[in-house]
There are 2 protein chains.
Amino acid sequence: MLKQYCQEKVAMIDAALGRFIPDSGQYPPAIFEAMRYSLFAGGKRLRPILLMAAADAVQSDGSKFLPVACGLEMIHTYSLIHDDLPAMDDDDYRRGKLTNHKVYGDGLAILAGDALLTYGFEVMLSQPGVAPAVLLATVREIAAAAGAQGMVGGQTVDLLSEGQSIDAATLEFMHRRKTGALFRAALRAGALLAGASQEQLNCFNEYAEQFGLAFQITDDILDVVGKEELVGKPIGSDQKNNKVTYVALYGLEKAREMARQTVEKAITALDIFGTEADILRDLVRFLLARDS
Amino acid sequence: MLKQYCQEKVAMIDAALGRFIPDSGQYPPAIFEAMRYSLFAGGKRLRPILLMAAADAVQSDGSKFLPVACGLEMIHTYSLIHDDLPAMDDDDYRRGKLTNHKVYGDGLAILAGDALLTYGFEVMLSQPGVAPAVLLATVREIAAAAGAQGMVGGQTVDLLSEGQSIDAATLEFMHRRKTGALFRAALRAGALLAGASQEQLNCFNEYAEQFGLAFQITDDILDVVGKEELVGKPIGSDQKNNKVTYVALYGLEKAREMARQTVEKAITALDIFGTEADILRDLVRFLLARDS
């Protein structure tokens, strides 16, 4: 059921992204080519899927919110492009493909990231069928989650702590912002656009918190035990880069146990929902089983 | 009159920017320090002033729109930070001060730019006292002006044409997007927020077109004849970098004549307005007399 749901949504999202940034007819072509290169580099579309699944869980039709969902994916993609730059993580490969700056050069990669972030907002603000005040509040929340108090703040801590030993609290702070904030914004955006109640929003807040944590722990585990061809980047790169990870801090077995407990908490957070939230339950369970 | 108007508005804008990004109490401090460094590096606040002057010209009170005005300044500032990076123009100084990456390093400079762009949207979307649908449309226009079809598109053409000879049409296309698009968005935003009529909007469109052109021509002239300590960067840097400029294309005298004619056209565009548009008239005249 999860597999079919995701396949359907990914097809929708990819088609919509292709309409938002067509592959020809725009000038200067180089910037649109660089934007498309990373946007269609095999991403799992997790954030737009979370947005739609949250809307579905409150009895709406998540696919009505494709513009906001696609805008989120553009913001996520820009952050990956800038993160991979030599001045940041200096990665040559992502998902098994050359990173943006390895193909287009640092200058164009910076601009492609800038353009995706900016266009993400333009696309989100074009979402039809939602009361303007609700859309304003939703996009404002997404901006806050993506900025210096959210994702960019987390990347800053990551950048400044590389090669240094950080403690568990700093590690959690960093991930809560670097990846957690955008997951949370995706879930809340789906819920807000669909008109969720405050009680439902509170449940999504807790689910989002645990989902983000489970994502990060399983990501760290994958860096140690994953198959290189599936993960798409060299296994052990965190260790090589002296990155603090959950596995480094707690060991592999304890990290696995933490991941399982976190997934259970996420599922418990959805107790007020019936089967309409099954996709969200399956999505967080899937984190334990994923191989990439 | 222009001088006093600008001093008042700059004081308002600076105070508001300081409230939006206070100088302490935020974590991680490094990113906010880097954001503030460039935001308070002596910018002329031209875009927020244009926004407020356009609102004033349609009998509104431009200072009501400080959040959108400040958001525009943040977007402008991010573009300067990224433009100065080694992967782009590789400039060490701007307005007589070290550029952001020379002080904070390339990684943090990239993140400070990202954070300013993102926060610019968050701040604009918090603008009170405007119908949500009007605010949505206004911010959407600003996003379009700042993105791949606007400012970032112009920077892309600039990046790709460095060291190459480009023709007059390409030069104009580049400037129309790189600087013109955001001037235009500033003027239109002020007009839209203030509830301008379609006839008034048309006048601002034409004024913006000519203002942007006059700004660029006088900028190119300043690079040749300006005083280094006033302009804040080495004089002749365009020539040194093999940049195509209006002066290089047409010679100094013809460029001066073009600037004068362009300013006249901008003033003519405002013919339907009375004295309430005098600030806009003075602002474009000022471009001819500026020394920085």
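Above this note sits the structure.
Quick notes on the rules
- Residues numbered from 1 in each chain as written.
- Chains lettered and ligands numbered in written order.
- Predicted model: local features only at pLDDT ≥ 70, side-chain atom pairs only at ≥ 80, totals over all residues.
- Heavy atoms only, no water.
- Helix = DSSP H or I, 4+ residues; strand = E, 2+ residues; numbered from the N terminus.
- Rg over C-alpha atoms; globule rule 2.2 N^0.38 Å.
- Buried < 20%, exposed > 50% of the residue type's maximum accessible area, 1.4 Å probe, protein only.
- Contact = heavy atoms within 4.5 Å.
- Areas by Shrake-Rupley, 256 points an atom, 1.4 Å probe, with all protein chains shown as cover.
- Lys, Arg positive; Asp, Glu negative; His and termini not counted.
- Charge placed at Lys NZ, Arg CZ, Asp CG, Glu CD.
- Patch = residues over 30% accessible without salt bridge, like charges linked within 9 Å, V, L, I, M, F, W, Y side chains within 5 Å.
- Salt bridge = Lys/Arg side-chain N within 4 Å of Asp/Glu carboxyl O.
- Phe/Tyr/Trp six-rings, centres within 6.5 Å; stacked < 30°, edge-to-face > 60°.
- Buried area = accessible area lost by both parts, 1.4 Å probe.
- Polar contact = N/O pair within 3.5 Å; in protein donor to acceptor, adjacent residues only side chain to side chain.
- Core = buried A, V, L, I, M, F, W, Y, C linked by side-chain atoms within 4.5 Å.
- Least-squares fit on C-alpha atoms with pLDDT ≥ 70 in both.
- Expected span 1.5 Å × (residues − 1).
- Arc of directions from axis to C-beta.

A. Here's a closer look at the overall build of chain A. Along the backbone of chain A there are 15 helices and two strands. Over its C-alpha atoms chain A spans a radius of gyration of 18 Å, differing by no more than 12% from the 19 Å that the globule rule assigns to 292 residues. Judged by the C-alpha coordinates and their principal axes, chain A covers about 50 × 50 × 35 Å. Buried residues in chain A amount to 57% of all 292 residues. Restricting to contacts in chain A with at least 6 residues of sequence separation, those with at least 24 account for 73%. Surface accessibility of chain A: about 11,300 Å² in total, with carbon and sulfur atoms responsible for 50%. Charge separation in chain A, taken as the distance between the mean sites of 29 positive and 38 negative side-chain charges, equals 2 Å.

B. Layout of a nonpolar patch on the surface. Residues and elements named next belong to chain A. Among the surface-exposed residues, Tyr93, Leu98 and Val103 lie close enough to one another that they form a single nonpolar patch of about 260 Å² accessible area. Along the chain, Tyr93 falls in strand 1 (residues 93-94). On the accessibility criterion, Tyr93 (45% relative accessible area) is partly exposed.

C. Representation of the packing of aromatic side chains within the structure. Residue and element names in this part refer to chain A. Tallied over the entire structure, the rule returns 15 aromatic pairs over all chains. Between Phe183 and Phe215, the ring centres sit 4.9 Å apart and the planes meet at 65°, which makes this aromatic pair edge-to-face. You can see Phe183 sitting in helix 9 (residues 168-193) and its partner Phe215 sitting in helix 10 (residues 198-225), a full 32 residues away along the chain. Residues Phe183 and Phe215 agree in their burial class; the two are buried.

D. Seen up close, the interface of chain B and chain A. If you look at the interface, chain B gives 45 residues, while chain A gives 45 residues. When the two sides are added together, the surface that chain B and chain A hide from each other amounts to roughly 3,800 Å², 79% of it contributed by carbon and sulfur. Where chain B touches chain A, the interface holds zero salt bridges. Counting across the interface, chain B meets chain A through six residue pairs in polar contact (both at pLDDT 80 or more). Put simply, the parts of the chain that give the side of chain B that touches chain A at least two residues each are helix 2 (29-39), helix 4 (66-84), helix 6 (106-124), helix 7 (132-146) and helix 8 (151-161) of chain B.

E. Broad picture of the nonpolar core. If you look at the biggest cluster of nonpolar residues, it comprises 177 residues, and the most contacted ones within it are Tyr207(A), Leu283(A), Tyr207(B) and Leu283(B). Excluding residues that lie within four positions of it along the chain, Leu283(B) makes contacts with Leu2(B), Cys6(B), Leu46(B), Ile49(B), Leu50(B), Ala53(B), Tyr207(B) and Phe211(B). Counting 13 residues, the second largest nonpolar core, distinct from the first, contains Ile166(A), Met174(A), Val244(A) and Ala259(A).

F. View of the relation of the copies chain B and chain A. Least-squares fitting of chain B to chain A yields an RMSD of 0.0 Å, with the superposition described by an axial translation of 0.0 Å and a rotation of 180°. The transformation relating the two chain copies, once decomposed into turn and shift, fits a two-fold axis. Taking C-alpha positions as the reference, the residue of chain B nearest the rotation axis is Pro132(B), at 2.7 Å. Most of the interface of chain B is mirrored in chain A, where 100% of its interface residues again form contacts.

G. Layout of helix 1 (residues 2-20) of chain B. Residues and elements named next belong to chain B. Over its 19 residues, helix 1 extends 26 Å from the first C-alpha to the last, a length consistent with the 27 Å expected when each residue adds 1.5 Å. Listing the buried residues of helix 1 in full gives Leu2, Tyr5, Cys6, Lys9, Ile13, Ala16 and Leu17. Down the axis of helix 1, the buried set is contained in an arc of 100°. They therefore lie on one face. Looking at helix 1, the residues exposed on the side facing more than 90 degrees away from the buried face are Lys3, Gln4, Gln7 and Arg19.

H. Looking closely at the environment of Leu193(A). All names here are of chain A. Of note, Leu193 is situated in helix 9. The buried category is assigned to Leu193, whose relative accessible area is 9%. For the pair Leu193 and Phe65, spaced 128 residues apart in sequence, the C-alpha to C-alpha distance is 7.7 Å. In this view, Leu193 contacts Phe65, Val68, Val130, Val134, Leu135 and Thr138; residues no more than four positions away in its chain are not counted.

I. Representation of helix 2 (residues 29-39) of chain A within the structure. Buried residues dominate helix 2 of chain A, accounting for eight of its eleven residues. Buried within helix 2 of chain A are the following residues: Ala30(A), Ile31(A), Phe32(A), Ala34(A), Met35(A), Tyr37(A), Ser38(A) and Leu39(A). Buried residues in helix 2 of chain A make contact with helix 1 (2-20), helix 4 (66-84), strand 2 (97-98), helix 5 (100-104) and helix 6 (106-124) of chain A together with helix 8 of chain B.

J. Fine view of unusual backbone geometry. Residue and element names in this part refer to chain A. Cis rather than trans, the peptide bond between Tyr27 and Pro28 has omega equal to -5°. Position of Pro28 among the secondary structure elements: in the loop between helix 1 and helix 2. Positive phi outside glycine occurs at Arg95, with the angle close to 50°. You can see Arg95 is positioned in the loop between strand 1 and strand 2.

K. Summary view of the pattern of salt bridges. For the structure on display, the rule yields 28 salt bridges over all chains. Ionic contacts of the salt-bridge type, sharing partners, join the residues Asp14(A), Arg45(A) and Glu73(A) into one network.

L. Expanded view of the side chain of Ser79(A). All names here are of chain A. Within the fold, Ser79 resides in helix 4. Judged by its relative accessible area of 6%, Ser79 falls in the buried class. Within the structure, the side chain of Ser79 is placed 2.7 Å from the backbone oxygen of His76, a separation counted as a polar contact. Once you skip the residues sitting within four places of it in the chain, Ser79 turns out to touch Met151 and Gln155.

M. Expanded view of the environment of Lys9(B). Residues and elements named next belong to chain B. Tracing the chain through its elements places Lys9 in helix 1. Separated by 236 residues in sequence, Lys9 and Thr245 have C-alpha atoms that sit 31 Å apart. Beyond its immediate stretch of four places on either side in the chain, Lys9 contacts Ile49, Met52, Asp56 and Ser63.

The values are spatial; any link to function lies outside them.
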